[in-house]
Amino acid sequence: MPGITHLNPAGLHTNPAFSQGVRADGGSLVVVGGQNGTGGDGAVVPGGLGAQTVQAFRNVLAVLAEAGADQGHVVKLTVHLKAGEDVTAGYRAAGEAWGPHPTAITVLQVAGFARPDALVEIDALAVVP
């Protein structure tokens, strides 16, 4: 695994779910494009934000696996949630799907997505040896 150092400077809030920053030394950059909560058939999974978030993370993990990587290689996640959705359901589902792998993260609420029935989109940056 490349040298990944989690950066959590003294004086900043610490949270077990994320890191304030991540330094990656060596390896190749893997960019995971935005993943919605769609199954292999291309349809958005039923069940609302929680179910879509779990599926979106599964899709991110599938792309990472194709590159020989997993959550431990991820240095940055960006999670876009449709405005008006209960973010608590998204956070709960993220913990279920992603597990205890803190990384630098940005969470945004957006007006919507190109796919109108999508409630979440997740992209990632990873470094693999």
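Residues numbered from 1 in each chain as written. Predicted model: local features only at pLDDT ≥ 70, side-chain atom pairs only at ≥ 80, totals over all residues. Heavy atoms only, no water.

### Quick look at the packing of aromatic side chains
Then, in step 1: On inspection of all chains with the given rule, the structure shows one aromatic pair.
Then, in step 2: Taken together, a centroid distance of 5.1 Å and an interplanar angle of 45° make the contact between Phe57 and Trp98 tilted. Of this pair, Phe57 sits in helix H1 (residues 48–66) while Trp98 sits in helix H2 (residues 87–98), placing them 41 residues apart in sequence.
Then, in step 3: Taking relative accessible area as the criterion, Phe57 reaches 2% and is therefore assigned buried.
Then, in step 4: The exposure class assigned to Trp98 is buried, which follows from its relative accessible area of 6%. (Phe/Tyr/Trp six-rings, centres within 6.5 Å; stacked < 30°, edge-to-face > 60°. Helix = DSSP H or I, 4+ residues; strand = E, 2+ residues; numbered from the N terminus. Buried < 20%, exposed > 50% of the residue type's maximum accessible area, 1.4 Å probe, protein only.)

### Digging into the sheet that holds strand E4 (residues 28–35)
Then, in step 1: Overall, mixed pairing links the five strands, which are arranged E2-E6-E5-E7-E4 in an open sheet. Every interior strand has two partners, whereas the edge strands, strand E2 (18–19) and E4, have only one. (Pairing = 2+ DSSP bridges.)

### Notes on the nonpolar core
General note: in soluble globular proteins, nonpolar side chains tend to be found buried as a group.
Then, in step 1: Grouped together as the largest cluster of nonpolar side chains are 23 residues, with contacts concentrated most on Leu64 and Ile122.
Then, in step 2: Of all the secondary-structure elements, those providing two or more residues to this core are E4, H1, strand E5 (74–82), H2 and strand E7 (120–128).
Then, in step 3: Looking at which element gives the most residues to this core, the answer is H1, with six residues.
Then, in step 4: Once you skip the residues sitting within four places of it in the chain, Ile122 turns out to touch Gly33, Gly34, Gln35, Thr53, Ala56, Phe57, Val60, Leu77, Thr78 and Val79.
Then, in step 5: Counting five residues, the second-largest nonpolar core is a separate cluster that includes Ile4, Val75, Ala104 and Val127. (Core = buried A, V, L, I, M, F, W, Y, C linked by side-chain atoms within 4.5 Å. Contact = heavy atoms within 4.5 Å.)

### With respect to the pattern of salt bridges
Then, in step 1: Tallying each qualifying case throughout the model produces two salt bridges.
Then, in step 2: With a shortest N-O distance of 3.2 Å, Asp117 and Arg115 are connected by a salt bridge.
Then, in step 3: Classification of Arg115 as partly exposed rests on a relative accessible area of 30%. (Salt bridge = Lys/Arg side-chain N within 4 Å of Asp/Glu carboxyl O.)

### Quick look at the pairing of strand E6 (residues 103–110)
Then, in step 1: Bridge count for E2 against E6 is two bridges, and the pairing is parallel. By the bridge assignment, Ser19 is partnered in E6 with Ala104.
Then, in step 2: Across seven bridges, E5 lies against E6 in parallel orientation. If you follow Val79 over to E6, its bridge partner there is Val107.
Then, in step 3: As a crossover connection, the stretch from E5 through H2 into E6 is right-handed. (Right-handed = clockwise from strand over helix to strand, strands pointing away.)

### Quick look at H1
Then, in step 1: An ideal rise of 1.5 Å per residue puts 27 Å on 19 residues; H1 measures up with 27 Å between its terminal C-alpha atoms.
Then, in step 2: When H1 is considered as a whole, its buried residues turn out to be Leu49, Gly50, Gln52, Thr53, Val54, Gln55, Ala56, Phe57, Asn59, Val60 and Leu64.
Then, in step 3: Contacts made by the buried residues of H1 are with E4, E5, H2 and E7. (Expected span 1.5 Å × (residues − 1).)

These values are about where atoms sit, not about what they do.
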